[in-house]
Amino acid sequence: MHPTQEARTTIAAIASPMGTGAISLIRLSGPDSIPIADRVTRGKASAQLPGTLRHCKVYNLDGHAVDDGLLSVFRAPRSFTGEDGIEFTGHGGMLVTKSVLDAFLSAGAVSAGPGEFTQRAFLSGKLDLTQAEGVMDLISAQTQLALRAARSQLEGHLGRRTTEARDQLLESLAHLEAWIDFPEEDIDPQTGALLRSHVAAVLSTVNSLLATADQGRVLREGVRTVIFGEPNVGKSSLLNRLLGFERAIVSDVAGTTRDTIEETINLHGLPLRLVDTAGVREAGDRIEAEGIQRTVRQIEHADLLLEVADASQPRPPAAVLPATRAHRILILNKTDLGEHPSWSTAEAVRFSCLAGDGFESLSEAIRTALQFNEMDWGEQAVAINSRHQASLQNARTHLTAALELLEDSLADPELAAIDLREALDALGEIPGRVDTEDLLDVIFSRFCIGK
Ligand SMILES: Nc1nc2c(ncn2[C@@H]2O[C@H](COP(=O)(O)OP(=O)(O)OP(=O)(O)O)[C@@H](O)[C@H]2O)c(=O)[nH]1
Ligand SMILES: [Mg+2]
């Protein structure tokens, strides 16, 4: 399934962002990297020791020097991709960088596809799939916590945990299969119980990984946080306060905000995608009515609802909201004007956009509502993504089914084995190594089939 190094092409790409900068990086990977680099550097690459930098010129097909810079040479398997590779650091202009790339392409390299270097690293066994995904997470991380989670995934913590769970399962399956194949070789009666407890242990690992799905989504996409409430209570003022600059228009005219406004903030490592909405009331005109409809749609898709009310006014009847799973926090704003007695029993964060009071309590309330504690983020913390979630859910379904079948004093070992195999495949999808060869290996090595 894995293409051999010989069968692979040599790919080249600009690895630094397109734009004018101090330096740029052009990267090659594949079996012909060094001969190709020799063609454009007049033989410098093959003469160079791996892991060293060397100054050289890059020439195009016509023999003109297009740039000069630093060359590094990597020899398989000691490289990111596991293949021979070249990196050239040149001057960071768009045209000069493109000309260097063209020189490599006309010397025999082909343009790399998106993610192809990382894909090759995976195919060479340098990274598992979760680590490859960690590379992407690292690049797109918006907060320190997201960065830490990406680092942890890149270090292979998630891959290791799923691989361990999978190995455990493989062993249970091997037991079961041996039993199916050689029923005359009585396996002692405790085996059934042992088998169940092993499968249950894997199920519990799967469940604990699944429990990190929300955190994973929050870290990668941010918490969709919708600020809503009656007109003129200070929703836009709250957005501006949290952002630290005057993003939304604030005025004493009710119905100021007509469209939704979205901005992201970083709350102690927690990315919040704040959405300011139009105040909900009987619409004055069609534009306001559309704004209010948008508010309702935002509420439907929210993770967190910040309901703002005016503390100085009498408490209105509770707002009727569309069905939502979102956490809800009531914010009593304008406490600088005093609090109306009707709010006395209200469980709310007391706030004043004007005086700047209540920020810490609000931040605390948000972290509590989302059960998001920075302290939980040790070096080994994992936060799964939706691909992992789908595979884990699939694994959970089959593990649960297998447990039920095994419960029945092993009446249907074949059916249980089918479920275990499905669970095994689902778990194998996570690090990206679905393979049946190793199952056979385990059976042969542990049960001495030849006897
Ligand atoms: N005294 C006082 N006034 C405030 C406070 N927060 C907001 N305001 C004032 O309340 C008025 C309405 O503020 P906005 O932020 O525009 O209110 P909104 O909820 O976005 O209003 P709409 O967009 O019209 O629904 C403005 O005049 C603000 O200056 C506060 O904490 N104290
Ligand atoms: Mg507003």
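Figured I'd write up the structure that's included with this text. (Residues numbered from 1 in each chain as written. Chains lettered and ligands numbered in written order. Predicted model: local features only at pLDDT ≥ 70, side-chain atom pairs only at ≥ 80, totals over all residues.)

Overview of the pairing of strand E1 (residues 11–14)
Test applied: Between any two strands, pairing holds if DSSP finds at least two bridges. Strands are runs of DSSP state E lasting at least two residues, helices are runs of H or I lasting at least four, and both sets are numbered from the N terminus onward.
Two strands pair when backbone bridges link them, and E1 and strand E2 (residues 23–29) are joined in this way by 4 bridges, in the antiparallel orientation. What sits directly across from Ile14, in E2, is Ile26. Bridge analysis of E1 against strand E6 (residues 110–111) gives 2 bridges, and the strand direction is parallel. When the bridges of E6 are listed, Ile11 appears paired with Val110.

A few points about the nonpolar core
For clarity, the threshold we go by: Think of a nonpolar core as buried Ala, Val, Leu, Ile, Met, Phe, Trp, Tyr and Cys residues chained together by C-beta atoms that fall within 7 Å. Any residue surrounded by 20 or more other C-beta atoms within 10 Å of its C-beta is treated as buried, while 12 or fewer makes it exposed and the intermediate range makes it partly exposed; C-beta atoms here are placed from the backbone. Placing a C-beta atom from the backbone of each residue, one calls two residues in contact when those atoms lie within 7 Å.
Grouped together as the largest cluster of nonpolar side chains are 97 residues, with contacts concentrated most on Ala12, Phe104, Leu169, Ile227, Ile331, Leu420 and Ala423. For Ile331, the contacting residues outside a window of four places in its chain are Leu238, Leu306, Glu307, Val308, Ala348, Val349, Phe351 and Leu362.

Some remarks on the site of ligand 1
This is how the line gets drawn: What makes a residue near a molecule or strand is its C-beta atom, placed from the backbone, lying within 6 Å of it. Basically, the charged four are Asp, Glu, Lys and Arg, the nonpolar ten are Ala, Val, Leu, Ile, Met, Phe, Trp, Tyr, Cys and Pro, and anything else, Gly included, counts as polar.
Inspection of the region around ligand 1 gives 22 residues, with Gly234, Ser236, Ser237, Thr257 and Gly279 positioned closest. No other element matches the 3 residues that helix H9 (residues 235–243) contributes to the shell around ligand 1. Split by residue class, the shell around ligand 1 holds 7 nonpolar, 11 polar and 4 charged.

A word on the sheet that holds strand E12 (residues 349–350)
Stated formally: Axes here refer to lines fitted to C-alpha atoms; in helices the fit is confined to the stretch in contact. Angles between the N-to-C directions go from 0 to 180 degrees.
An order of E8-E9-E7-E10-E11-E12 is seen for the 6 strands of this open sheet, with the pairing classed as mixed. Each of the sheet's edge strands pairs with one partner strand only, and the pair in question is strand E8 (261–267) and E12. With 2 bridges connecting them, strand E11 (residues 327–333) and E12 associate as parallel partners. In the strand pairing of E12, Leu332 is matched with Arg350. Its contacts with the sheet place helix H10 (residues 286–300) against strand E7 (223–229), strand E9 (270–276) and strand E10 (304–310), and it is angled at close to 140° to E7. Along the sheet, helix H11 (residues 359–369) contacts E8, E9, E10, E11 and E12; its crossing angle with E11, the most-contacted strand, is approximately 170°.

Looking at the packing of helix H6 (residues 157–181) against helix H13 (residues 413–429)
To keep things clear, this is the line we draw: Every angle not falling under 35 degrees, over 145, or within 65 to 115 is termed oblique; those three ranges are roughly parallel, roughly antiparallel and roughly perpendicular. Each crossing is labelled by how the near helix is turned from the far one, with a counterclockwise turn of less than a right angle marking it left-handed and a clockwise turn marking it right-handed.
Where H6 meets H13, the closest approach of the two axes is 10 Å, and the angle between their N-to-C directions is 160°. Viewed along their axes, H6 and H13 adopt a mutual orientation that is roughly antiparallel. Here H6 and H13 pass one another in a crossing that is left-handed. Taken together, the residues of H13 that come into contact with H6 (itself represented by Thr162, Ala165, Arg166, Leu169, Leu170, Ser172, Leu173, Leu176, Glu177, Trp179 and Ile180) are Pro413, Glu414, Ala416, Ala417, Leu420, Arg421, Ala423, Leu424, Leu427 and Gly428. Taken together, the residues of the contact of H6 with H13 break down into 14 nonpolar, 3 polar and 4 charged.

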